[in-house]
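# Inside the fold
What follows is each chain in one-letter form.
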Amino acid sequence: MDFYNSKLLPLLALLLLTLFILQSHPNVSQNYSETSTEVHIYKHAQVADSSCRDTLYPDLCVSTVASFPEHRRKSMPEIISATINVTMTEIRESASNCSSIRRKLGRKLQPLDIRALEDCLELFSDSINELRKVLSDLSASNSSTTKYYDDLLTLLSGAMTNQATCLDGFAFSKNNTRKLIEGRVRRISKHFSNCLAMTKKLKKSESKKKKSPRSLSQHEFPEYGGISNGFPTWLTRKDRRLLQTAANQTKADLVVAKDGSGNFTTINDALNAAPNRSTTRFVIYIKTGAYFEYIDLGSSKTMIMLLGDGIGNTSIKGNRSVVDGWTTFRSSTVAVVGNGFIAKGITFENYAGPDKHQAVALRSGADFSAFYQCSFVAYQDTLYVHSLRQFYRECDVYGTVDFIFGNAAVVLQNCSLYARKPNPNQQNIFTAQGREDPNQNTGISIHYGKVAAAADLLPVLSQFRTYLGRPWKLYSRTVYMFAKMESVVDPAGWLRWDQNSSVSLLYYGEYQNRGPGSNTSARVTWPGYHVITNATEAAQFAPDNFIQATQWLPATGIPFNPNLTVS
């Protein structure tokens, strides 16, 4: 029996104390039932159970909360904080376990196992950083939950996603390495799930305190939401000017040029020279050219902007793939984790080809990351929207299988999605969203733009089926609104992950799309699929209400207005 997961813990404690009292005081009546000690223990368990109501893993939650000293006197933010502290300790233990496995097994490990363990160590570190911010927000939220609520959900969702990504790295391993770490990692994920459920109670409790509900104004919390001139308000005025100004007219902090006319000839050299943990925008202008480099912008490289000379002019290329021994996470040509990242006018490409299966062009786990007038080119798993808040505007995405995938809170606005010619035994799927918990505030929201076939697929269009998406994880969530769908889309629209996968807990929706591929008359009839037929229902998926009603963050900053028209 798992001691910590047992519902019997409070009862066991009560029984032991009762026996102790009876042995120590033989004159106590055998009908003993309502001593102050028993009442205290009962209330002790009752408070823990009340805090854990509506969690998906109540046994773990109750045993964890009941272990906190004076937990009866703790507020909900304090209980969540204490749970986070326990979780951080378990993450550090898991990291130590991964390091020990790598050290002890050494040469017995395959290169893929070693890389997967390295992924886990990086993801654990990112989770610790996210949880520190959670603790800071929870400490501040005792006086006002609303200001921090969306941040809390986002950071907890991201940290939970990190654990799933760690385990996913062993998907193609031929060893049993995953089994050596899986139990610990899944326990950590359960803690995150419970914390997400408890965090939901913060908003409910604060709503009850208010005499009358009202929406938050943009002026109250200017770091969240709002649109100015078609750009999110969390982009500063200076950042908006950078996005609107031609690259060669922008004053850059550093210049990269293959011909030697800049400060550096490689992007990595420029990034190494960029400051760490910057709180102001640092611009690196990358002149026209093809740069064959692998970029990994870690969490310390904040507020970086990569500015190119336009799609097809400035390109960053690589060819790592799962077939060649890389994890999907590590196969990316460019990976960004540092918060506040912006890219404009760049093509990100993985040219490994369709035979190499998972081969990522760009992976983003950077909070408040924005991509403007960029393109992402690969085949399977092109654009890895891994976690946290992301925004794509007027971008092109090319791929075949699951080529926009991940578990971020992400919006693609006015983007063009192109299905390419896959291998003969494959089919195209535009999205594979990875939400694994009903309380995660994640999903893929595609607004406007188009869904089409690339030039290489058009001549053989009838030979391949192409779908809008399939559910990578149980609670997968994807919505298409006002998109122009060409005939490339299969009439069924959506595809199961496999024959046995559930389709009842996902949320897939379509609203007022147009074009020959938008006809919903022959769409799947899954419980989780929705043809949205009225404006009231659709409004919850508009950038403003979708963020609030489903806990998407207003800070994703999508151009919108209340009528769901292009702004």
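## Some thoughts on the side chain of Q390
Among the secondary structure elements, Q390 is positioned in strand 16 (residues 389-393). Polar side-chain contacts of Q390 include one of 2.8 Å to the side chain of Y392.

## Quick word on the side chain of S127
Checked against the element boundaries, S127 lands in helix 5 (residues 111-140). For S127, a relative accessible area of 0% translates into the label buried. Within the structure, S127 has its side chain in polar contact with the side chain of Q163 (distance 3.1 Å). Setting aside residues up to four positions removed in sequence, S127 forms contacts with I91, A159, N162 and Q163.

## Let's talk about the sheet that holds strand 12 (residues 362-364)
Judged by pairing direction, the sheet is parallel, and its six strands sit side by side in the order 6-9-12-15-18-22 without closing on themselves. Of all the strands in the sheet, just strand 6 (295-297) and strand 22 (431-433) have a single pairing partner and so form its edges. Within the sheet, the average angular offset between the axes of one strand and its neighbour, ignoring direction, is 10 degrees.

## A closer look at the nonpolar core
Counting residues in each nonpolar core, the largest one holds 59 residues, and the members touching the most others are F348, F371, F376, Y392 and L412. Apart from the residues lying within four places of it in its own chain, the contact partners of F348 are I316, V334, A343, A361, L362, F371, C374, S375, F376 and V377. L153, L156, F192 and L196 belong to the second largest nonpolar core, which has 50 residues in total.

## Considering the packing of helix 4 (residues 76-105) against helix 5
At their nearest, the axes of helix 4 and helix 5 sit 10 Å apart, and the two run at 160 degrees to each other. On the basis of their axis angle, the class for helix 4 and helix 5 is roughly antiparallel. The chirality of how helix 4 crosses helix 5 is left-handed. The residue inventory of the contact of helix 4 with helix 5, partitioned by class, reads 18 nonpolar, five polar and four charged.

## Quick look at the packing of aromatic side chains
In the structure shown here, the tally under the stated rule is 17 aromatic pairs. An angle of 55 degrees between the planes, with centres 5.1 Å apart, marks the rings of F403 and F430 as tilted. Pair noted here: F403 is in the loop between strand 17 (396-399) and strand 18 (404-406) and F430 is in the loop between strand 21 (428-429) and strand 22, with a separation of 27 residues, a long-range link. Taking relative accessible area as the criterion, F403 reaches 0% and is therefore assigned buried. Between W494 and Y529, the ring centres sit 6.3 Å apart and the planes meet at 50 degrees, which makes this aromatic pair tilted.

## What to know about the state of the cysteines
Summed over the entire model, instances satisfying the criterion amount to two disulfides. Here C52 engages in a disulfide with C61; their sulfurs sit 2.0 Å apart. On the sign convention where negative is left-handed, the bridge of C52 and C61, at about -80 degrees about the S-S bond, is left-handed. Like C52, the residue C61 is buried in the burial classification. Between C120 and C166 runs a disulfide, and the two sulfur atoms are separated by 2.0 Å. A torsion of 90 degrees about the S-S bond marks the disulfide between C120 and C166 as right-handed. Of the two residues, C120 is situated in helix 5 and C166 in helix 6 (residues 146-168); the sequence distance between them amounts to 46 residues. Accessibility classification places C120 together with C166 in one group, the buried group. When the cysteines engaged in disulfides are numbered in sequence order, the chain pairs them as 1-2, 3-4. No disulfide involves C98; its nearest neighbouring cysteine sulfur is the one of C120, lying 4.8 Å away.

Rules of the game
- Residues numbered from 1 in each chain as written.
- Predicted model: local features only at pLDDT ≥ 70, side-chain atom pairs only at ≥ 80, totals over all residues.
- Heavy atoms only, no water.
- Helix = DSSP H or I, 4+ residues; strand = E, 2+ residues; numbered from the N terminus.
- Polar contact = N/O pair within 3.5 Å; in protein donor to acceptor, adjacent residues only side chain to side chain.
- Buried < 20%, exposed > 50% of the residue type's maximum accessible area, 1.4 Å probe, protein only.
- Contact = heavy atoms within 4.5 Å.
- Pairing = 2+ DSSP bridges.
- Axes fitted to C-alpha atoms, helices over the stretch in contact; angles between N-to-C directions.
- Core = buried A, V, L, I, M, F, W, Y, C linked by side-chain atoms within 4.5 Å.
- Parallel < 35°, antiparallel > 145°, perpendicular 65-115°, else oblique.
- Left-handed = near helix turned anticlockwise from the far one by under 90°.
- Nonpolar A, V, L, I, M, F, W, Y, C, P; charged D, E, K, R; others polar.
- Phe/Tyr/Trp six-rings, centres within 6.5 Å; stacked < 30°, edge-to-face > 60°.
- Disulfide = S-S within 2.5 Å.

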